Amino acid sequence: MTPIISPELDDYIESHTRPRPPLFDELREATYASMTSPQMQVGRVEGTFLKTLCALVAARRVLEIGTFTGFSALCMAEALPDDGELLTLDIDPEATRIARSFFDRSPHGKKIRILLGNALETLRTLPPGSPFDLVFIDADKERYVDYYEAVLPLVRTGGLIVGDNTLWSGNVLSPKAPSDHGICRFNDVVNADPRVENVLLSIRDGMMLARKL
Ligand SMILES: C[S@@+](CC[C@H](N)C(=O)[O-])C[C@H]1O[C@@H](n2cnc3c(N)ncnc32)[C@H](O)[C@@H]1O
């Protein structure tokens, strides 16, 4: 991921954002020590922003596509009430093993349920009728539009769909790889969709927020 702002500004932003509890430093270290692409983790500022979004929509039910080692899930779970629930989907047993070990150590971990498997297939098994307040899409970029179309009916009116990496290191300006095109398609589909109101933000690697109308 190529940073879109200077490292100095990035440090300033981080030092003026409420720090995460120490467990998150351990999770970051464990991820960097054991995973081949640790930079996939959302990081402290975006994680805190996700928690803030969950609090703003008074989220009780959250869906995440792309658990990895659990950083974003644990941030969002902090904003949920004790009887709230966060479902998080991933296909990687090793990454989710690490996630589970950290969820077990957090007072908020009991709100999180990991569903292991191909996310599109898992989504088809989710029962309708218990809508989500917020959905965070952060898995394979080629399928972002498929995820978006699958989750929109599962989100309550006024709920949020958040897509991560929607500037994709700036590659949206001259897409080449399939993942570049996947992100561009997602941004175009959301931007033209009358069912939502959207804003594309330059936080970290880009975040698309779509509020269901
Ligand atoms: C960018 S990482 C998620 C980072 C995570 N949100 C965090 O903050 O730590 C993307 C994750 O999507 C998962 N993934 C990729 N393709 C998938 C698929 N088809 N179904 C489910 N998970 C998938 C990967 O295994 C990976 O853990």
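Residues numbered from 1 in each chain as written. Predicted model: local features only at pLDDT ≥ 70, side-chain atom pairs only at ≥ 80, totals over all residues. Heavy atoms only, no water.

As recorded by an unreviewed UniProt entry, the chain carries the name Class I SAM-dependent methyltransferase and is attributed to Polyangium jinanense.

Around the ligand, 20 residues are found, and the nearest of them are Gly66, Ser72, Asp90, Ala119 and Asp138. Within the backbone of Ile91, an N or O atom sits 3.3 Å from a nitrogen atom of the ligand. Between Asp138 and the ligand, the recorded distance is 2.8 Å, taken from a side-chain N or O atom to a nitrogen atom. Here the ligand, which alone exposes 600 Å², has 90% of that area covered by the protein. Looking at the shell around the ligand, its residues break down into 8 nonpolar, 6 polar and 6 charged. (Near = heavy atom within 4 Å. Polar contact = N/O pair within 3.5 Å; in protein donor to acceptor, adjacent residues only side chain to side chain. Areas by Shrake-Rupley, 256 points an atom, 1.4 Å probe, with all protein chains shown as cover. Nonpolar A, V, L, I, M, F, W, Y, C, P; charged D, E, K, R; others polar.)

Phi is positive for Asn165, which is not a glycine, with a value near 60 degrees. Positionally, Asn165 belongs in the loop between β5 (155–164) and α8 (178–191). Residue Asn165 is classed as buried on the basis of its relative accessible area of 7%. Even without glycine at this site, Trp168 takes up a positive phi of about 50 degrees. Mapped onto the secondary structure, Trp168 falls in the loop between β5 and α8. (Helix = DSSP H or I, 4+ residues; strand = E, 2+ residues; numbered from the N terminus. Buried < 20%, exposed > 50% of the residue type's maximum accessible area, 1.4 Å probe, protein only.)

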